[in-house]
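Understanding the architecture of this molecule
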Amino acid sequence: MIQPHGNQNFLALYESDFDRRQTLLEESRNLPSLVLNSAAASNAVMLGGGYFSPLNGYMNISDALSVSKYMKTKNGLFWPIPILNLATNINGIERASRIALRDPNIQDNPVMAIMDVEDIENISSSDKDEIIKNIFGTLDHHHPGVRVFRNLGNFCISGSIRVLSHSYFSLNHKNTYKTAVQLREEINRLGWKKIIAFQTRNPMHLAHEELCRIAMDSLNADGMIIHIPLGKLKQDDIPAHIRNKCIQKMIDVYFASDSTILSGYGFDMFYAGPREALLHAIFRQNMGATHMIVGRDHAGVGSYYGPFDAQAVFDRLPNNSLKIQIFNADHTAYSRKLNRVVMMNKVNDHTLDDFIILSGNEMRKILKSGTVLPETITRPEVSRILIDYYRSL
């Protein structure tokens, strides 16, 4: 199986031993505590699940600046986005060396991790701007990732953690949420050697489905993991449970059995385009994928990034930064001439009018009217799920 990132031992920070977990929870009752923001909580979940191996906790400002500027930690580990615990208020933990971290997304804020505090620093406005500019490529407050990051707080709390909970992800998405540990075990059970990861924050339409097939056929892959974010997205993104239902139906009806896994991970997206694509590659490698599809505007938003910036960034990496390989994909669409879905840059004698393409807004308008999307765009089973969703709003 592919090695985890960093050529080190695979590091998942969730305490899997029940007795030790109970002992830590008992200890947490007497510790000063901090209610995390959602971004820091999702980082804890990813650290717990092994997705962020070999990190052992939250970064300090020095590492955050190094990662944002040079894409490596101070000790030389390739890493594209700082993994931080930022807070607006540190009352009660200012002098603590060990604290309990509380979940902001579950009622009564139960303890989700214990942290050995390395440092509590105040991040300056200039340092925060530098980090934002390097990660997102912009300081524009209208960028959803910039807006969230800027409001997380100016206290940076660094140190190692031991994770005690997978938050609401294992409760609300118990059939979909899987840690990197669990996915490695599943890959091993299935005997897959060549595994493709496909990231999507949308219900999968016919073009996505065929892109997965094109990649599997091109690489002669053993299996595909459709890997969806279950954390907080933009307000107009379709909720995780609806995306899950759509994709699972498509897999059940249209994919060969034992060829495809639908899985979700507990992370709040940054919408950081190229930098986030690199982070996606790290945690897909950690979960056991050998290849990852990177399509147009991967992890992007609006017009902040070029359509292929997230592909080009991999070409500029130093050798041996990653072991996972990238399958670059263009936009896929239904060809009127060939009567099938194709990768648009791979067919000759086509103009834009030869493809059937609907924007997201156009699809939403059709679905809200109760009309099934054309089968050249979306499978009818998926359309019906989406129609029911929009009718419920």
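Our structure is the block above this text.
The paragraphs below set out a description of the structure included in this document. (Residues numbered from 1 in each chain as written. Predicted model: local features only at pLDDT ≥ 70, side-chain atom pairs only at ≥ 80, totals over all residues. Heavy atoms only, no water.)

**Section: the environment of Gln199**
Here Gln199 lies in strand β7 (residues 195–199). Taking C-alpha positions, Gln199 is 18 Å from Leu322, a pair spaced 123 residues apart along the chain. Ignoring sequence-local partners within four residues, the contact set of Gln199 consists of His227, Pro229, Tyr265, Met269, His280, Arg284 and His298. At 2.5 Å, the side chain of Gln199 and the side chain of Arg284 are in polar contact. (Helix = DSSP H or I, 4+ residues; strand = E, 2+ residues; numbered from the N terminus. Contact = heavy atoms within 4.5 Å. Polar contact = N/O pair within 3.5 Å; in protein donor to acceptor, adjacent residues only side chain to side chain.)

**Concerning the sheet that holds β7**
Pairing in this open sheet of 5 strands is parallel, and the strands run β9-β8-β7-β10-β11 from one edge to the other. Every interior strand has two partners, whereas the edge strands, β9 (260–265) and β11 (325–328), have only one. If you compare each strand with its neighbour and ignore which way they point, the axes differ by 30 degrees on average. The pairing of β7 with strand β8 (residues 223–229) spans 5 bridges and is parallel. Within β8, the position partnered with Phe198 by the bridge is Ile226. Sitting on the sheet, helix α7 (residues 180–190) touches β7, β8 and β9, and the angle it makes with β9 is about 170 degrees. Running over the sheet, helix α10 (residues 274–286) touches β7, β8, β9 and β10 (291–294) and is turned about 155 degrees from β10. (Pairing = 2+ DSSP bridges. Axes fitted to C-alpha atoms, helices over the stretch in contact; angles between N-to-C directions.)

**Regarding helix α8 (residues 206–219)**
Between its first and last C-alpha atoms α8 spans 20 Å; for 14 residues at 1.5 Å apiece the expected length is 20 Å, and the two agree. Among the residues of α8, Leu206, Ala207, Glu209, Glu210, Leu211, Cys212, Ala215, Met216 and Leu219 are the ones counted as buried. Where α8 ends, the next residue or the one after it, Asn220, has phi of about 55 degrees, a positive value. (Expected span 1.5 Å × (residues − 1). Buried < 20%, exposed > 50% of the residue type's maximum accessible area, 1.4 Å probe, protein only.)

**Remarks on the packing of aromatic side chains**
Evaluation of the coordinates by the stated rule reveals 14 aromatic pairs. With centroids separated by 5.7 Å and ring planes inclined at 80 degrees, the aromatic side chains of Tyr51 and Phe283 adopt a geometry described as edge-to-face. One end of the pair, Tyr51, is in the loop between α2 (38–48) and β2 (57–58); the other, Phe283, is in helix α10, with 232 residues separating them in the sequence. In this structure, Tyr51 and Phe283 share a single accessibility class: buried. For the pair Tyr168 and Phe169, a centre-to-centre distance of 4.1 Å together with 35 degrees between the ring planes defines the contact as tilted. (Phe/Tyr/Trp six-rings, centres within 6.5 Å; stacked < 30°, edge-to-face > 60°.)

**Focus: the nonpolar core**
Of all hydrophobic cores here, the largest spans 122 residues; its most connected members are Phe52, Trp79, Ile157, Ile226 and Phe314. Sequence-distant contacts of Ile226, that is, excluding residues within four places in its chain, are made with Phe198, Thr200, Met204, Ile247, Met250, Ile251, Thr260, Ile261, Leu262 and Ser263. (Core = buried A, V, L, I, M, F, W, Y, C linked by side-chain atoms within 4.5 Å.)

**A short note on α7**
If you check which residues of α7 are buried, you get Ala180, Leu183, Arg184 and Ile187. What you see down the axis of α7 is that its buried residues fit within an arc of 100 degrees, all on one side. Projecting away from the buried face of α7 at angles above 90 degrees are the exposed residues Glu185 and Arg189. As for α7, its buried residues are in contact with β7, β8, β9 and α10. The first or second residue beyond α7 is Gly191, which carries a positive phi of 75 degrees. (Arc of directions from axis to C-beta.)

**Examining the side chain of Thr200**
Turning to its location among the elements, Thr200 is positioned in the loop between β7 and α8. The exposure class of Thr200 is buried, given its relative accessible area of 5%. Separated by 3.0 Å, the side chain of Thr200 and the backbone oxygen of Asn202 make a polar contact. What Thr200 contacts, discounting residues up to four positions off in sequence, is Ile226, His227, Ile228, Pro229, Arg243 and Ile247.

**Remarks on the pattern of salt bridges**
Counting across every chain of the model gives 12 salt bridges. Among the salt bridges present, the one from Glu209 reaches Arg213, with a minimum N-O distance of 2.6 Å. Remark: Arg213 and Glu209 occur in helix α8; sequence separation between them is 4 residues, near one turn of the helix. Put simply, Arg296 and Asp330 hold a salt bridge, and the shortest N to O gap is 3.4 Å. (Salt bridge = Lys/Arg side-chain N within 4 Å of Asp/Glu carboxyl O.)

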